[in-house]
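Geometric and topological summary
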Amino acid sequence: MTDPDFRDAFHRHKDVLYRFAYRMTGSGAAAEDTVQDTFLVLWRRPEAYDPGRGALRAFLLGIARNLLLKRARDERSYDPLVDESSICPPIDVVGLERAQIVARAIQALPPLQREAVILAEYEEMTLEEIARATEAEIAAVKSRLHRARENLRRMLAPLLEKKGTFYGTK
Amino acid sequence: MEPNDDPQLRKLLREWEVSGAPPSLDERVLGRRRPWWQFLFTGYIRVPVPLGVAMTVALVVLAVYFVRDRARTPIAPPGKTVSLTEFRPVDNVNVRIIRSGYESH
């Protein structure tokens, strides 16, 4: 990879990587570190990217995602990354802005559900792209998205209009 | 994208906006790249503990073996030995002294 190619890749993908890392961690500093480390991997091992296996964006998101999960494991090794049965209780919304409440709800999701919902809802990636970036089967991504949305509806129930469905805790 | 059949939830989620990467990131990523050979002077590698311990033990064993081997080796003899078995002292020693003054004549 030549220097202009690298610069071009950086300018095209830095924002999506930063937003993803920020939403995953809730920290600007951690997001910056993650983006820097992601591009460092690309700079040192450009041959790891195979254009035949998908877009560069999915490849870079995959690297960032692995770095973030490693960070999560190092910091909170007692929390399981895969927690399909996790049920998140409603958030106490008193005194918080709506955006803060949403941020808290996203942060409260288990990591694999969180990454799926961030990539789908905020980065508008397809199931195939998410599956490629997260090295998962499409069915698994679908399942994580479904559970993430269920959890979000439950947590954000106070902000959502009632439609005949009760999203309270069990 | 996976269709989200709950537009209300989608609208609510979109209220959490995150701005793009800060300008400081440009310098961190684009400014800190160095030629590969600088890694030889400033880089570092992570070595797994078992491998590190094994390498240290191997180095210590090699060092001890080298030192003991050198201590055991006798001092090297001169390249050519001289035997005195055939040595016979001369009977009459007739010493002739030549002074430097004769040389001028």
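Numbers given for residues are sequential positions, taken from 1 along each chain in its written order. Written order determines the labels here, with chains lettered from A and ligands numbered from 1. Note on the predicted model: pLDDT of at least 70 is required for a residue's local features to be given, and 80 or more for side-chain atom pairs to be given and counted; whole-chain, interface and lining totals, by contrast, use all residues. To get the side-chain values, take all heavy atoms of the structure and skip hydrogens and water.

**Section: the interface of chain B and chain A**
Contacts between the two partners involve 30 residues from chain B, matched on the other side by 41 residues from chain A. Note on chain B versus chain A: buried area summed over both sides is about 3500 Å², and carbon and sulfur give 57% of it. The term salt bridge refers to a pairing of a side-chain nitrogen on Lys or Arg with a carboxyl oxygen on Asp or Glu at a separation within 4 Å. Counting across the interface, chain B meets chain A through 7 salt bridges. Pairing of N or O atoms within 3.5 Å defines a polar contact, subject to two protein rules: one partner must be a possible hydrogen donor and the other a possible acceptor, and residues neighboring in sequence count only if both atoms are side-chain atoms. On the surface where chain B and chain A come into contact, there are 13 residue pairs in polar contact (both at pLDDT 80 or more). Note on contacts: a residue pair is in contact if any heavy atoms of the two residues lie within 4.5 Å. Here the quantity called buried area is the accessible surface, traced with a 1.4 Å probe, that two parts lose on coming together, added over both.

**Details of the side chain of A:Arg114**
Residues and elements named next belong to chain A. Among the secondary structure elements, Arg114 is positioned in helix H5 (residues 111–122). You can call Arg114 buried: its relative accessible area is 10%. Within the local environment of Arg114, its side chain forms a polar contact with the backbone oxygen of Leu109, the two atoms lying 3.1 Å apart. Those residues in contact with Arg114, other than ones at most four positions away along the chain, are Arg23, Met24, Ile106, Gln107 and Leu109. Helix and strand labels come from DSSP, where a helix needs a run of H or I of at least four residues and a strand needs a run of E of at least two; each type is numbered from the N terminus. Here's how the labels work: a residue is buried when its accessible area is under 20% of the maximum for its type, exposed when over 50%, partly exposed in between, all with a 1.4 Å probe on protein chains only.

**Some words on the confidence of the model for chain A**
For chain A, the mean per-residue pLDDT works out to 85, and 84% of the residues sit at or above 70. Summary of the metric used: pLDDT quantifies the predictor's per-residue confidence within the range 0 to 100. This model gives residues 166–170 of chain A a pLDDT under 50, and the stretch forms 8 contacts once residues within four places in sequence are excluded.

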